[in-house]
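# Chains, contacts and geometry: an overview
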Amino acid sequence: MSAEIPAPQMGFPKIYQVIKNTLCTACGGCEAICPMQAAKVQLYDGANYDKFTPTVDEPTVVKLFSEISREDNYCANRQCYVDCDTCLACQNCLACERICPILDGFPGDDELDNVIDQRIGKSSIHGQDGGAVTGILKSLFEQGEIDAALSVSRNDDWETEVVVLTSAEQVASAAGTKYTYEPVLSSLREVLKNYEKIAVVGTPCQAHAASLLRENLTDKIKLVIGLICMESFTYDDMGENIIPNILGLDRKTVNKLDFAKGKFVAETADDKALVPIKEIAHLARKPCHHCMDYTSYYADISVGSIGSPDGWSTIFIRNNIGKEYLDKVKGIEYHDKPIFMDIVVKLAAQKHKNNAWDYKKFNEVVWAGGEWTPEEHST
């Protein structure tokens, strides 16, 4: 099912093309930067599906139109009486298109060409594999280098939510990789009102948008930590299907999810279940099938487990900001062996191959004011 998407107006944000073609990653950057609070990333709701633009079979979509109450035909947002059927909250300021990771493009074939240092590390506190992200945030909080961090936590049902961490003691609540997606940057607007030194932890698309937000909006984003990521899933697919039906586990008993050696693995205290990644890859979120960034190229620091021994984290430092902050971190032990780069390069190339599309042509057409037609420009 799909709601009607109106034709773009003169100057209508170019993210219209991103949204219409199901390329939107739902990173939340447009919601963070929109001065009218018109752009929204929300959960799919069948009851008001026609209010969203675009409508795709995903639980997260971007809305550019106002949700104006029809009572007395008064719009509190615009502070006027309007025709709610035709009113657009979007004012064509075009700020959103400056921070959209799709409209900015993807790294080249060599995703590691901006790495200035690399380390294998392990934190002294619990986290996914080496717990490096957890250790970095905790140490920076303790030293006063950051006063807020955007991340994602989960409950026992593996339902996730965006959290704003404000102390070292809270960091452990967001530890571990979830593999389900939340629009992390949607919460940034409120965080910017109350905090001055913010860290953002996110997937490649979120890290990319966070870097663009720092460039175009605010210097309060001090550190962007990107996760090495092949793909992510909706909660409906992960919590309601993959864990219980494909892996055969009670999700309340699962304490860790991981991609390892070509398998997707779920661990409980007493058991482990795994399935070849190729058997669940098609269930990944639709925008993930267009992503050409495996190692969070646009982050200050990228963290994952690939290329490191079990129980350790792979850490790529991608710029001087990342080096400055990582050098301040205490409580991380570093391995004396180098990262096994062959596997990192192989998987990055595999993601590029599997997700190949003519994104350069897409951006050429869209930035020139044209209408993208996938059938005419597909690879």
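A brief structural summary.

Our next topic: the overall build of the protein. Helix and strand counts for the protein stand at 11 helices and 15 strands. Per-residue burial for the protein yields a buried fraction of 55% across its 379 residues. For the protein, contacts bridging at least 24 residues in sequence account for 65% of all contacts bridging at least 6.

Glancing now at the sheet that holds strand β8 (residues 198-202). Neighbouring strands of a sheet are bound in pairs by backbone hydrogen bonds; such pairs are parallel or else antiparallel. Strands sit in the order β7-β6-β8-β9-β13-β14-β5-β15 across an open sheet of eight strands; the sheet is mixed. At either margin of the open sheet sits one strand with a lone partner, and together these are β7 (160-165) and β15 (332-334). For this sheet, the mean inter-axis angle between neighbouring strands, taken without regard to orientation, is 30 degrees. Where strand β9 (residues 221-227) meets strand β13 (residues 301-304), three bridges bridge the pair, whose relative direction is parallel. Of the residues in β13, the one forming a bridge with glycine 226 is serine 302. Contacting β5 (117-123), β6 (148-154), β7, β8, β9, β13, β14 (313-317) and β15, helix α4 (residues 132-142) runs over the sheet at an angle of about 165 degrees to β9.

Attention shifts here to the pairing of β6. The buried fraction of β6 amounts to six of the seven residues, a majority that puts the element mostly inside the structure. Here β6 pairs with β8 via three bridges, running parallel. Bridge pairing in β8 links alanine 148 to isoleucine 198. One ladder, built from six bridges, connects β6 with β7; its direction is antiparallel. Across the sheet, residue serine 151 finds its bridge partner in β7, namely valine 163.

A few words on the packing of aromatic side chains. One pass over the full model with this rule turns up eight aromatic pairs. With a centroid separation of 6.2 Å and 55 degrees between ring planes, the pair formed by tryptophan 357 and tyrosine 359 is classed as tilted. Here the two residues tryptophan 357 and tyrosine 359 agree in accessibility, since each one is buried. Seen in terms of ring centroids, phenylalanine 362 and tryptophan 372 are 5.2 Å apart; in terms of plane orientation they differ by 80 degrees. Their pairing is edge-to-face. Separated by 10 residues along the polypeptide, phenylalanine 362 in helix α10 (residues 359-367) and tryptophan 372 in the loop between α10 and α11 (374-377) bring together distant segments of the chain.

The next point concerns α10. Listed in full, the buried residues belonging to α10 are Tyr359, Phe362, Asn363, Val365 and Val366. Taken down its axis, α10 places every buried residue within 165 degrees of arc, on the same side. Glycine 369, located one to two residues past α10, shows a positive phi value of around 90 degrees.

Cut-off values and rules
Residues numbered from 1 in each chain as written. Predicted model: local features only at pLDDT ≥ 70, side-chain atom pairs only at ≥ 80, totals over all residues. Heavy atoms only, no water. Helix = DSSP H or I, 4+ residues; strand = E, 2+ residues; numbered from the N terminus. Buried < 20%, exposed > 50% of the residue type's maximum accessible area, 1.4 Å probe, protein only. Contact = heavy atoms within 4.5 Å. Pairing = 2+ DSSP bridges. Axes fitted to C-alpha atoms, helices over the stretch in contact; angles between N-to-C directions. Phe/Tyr/Trp six-rings, centres within 6.5 Å; stacked < 30°, edge-to-face > 60°. Arc of directions from axis to C-beta.

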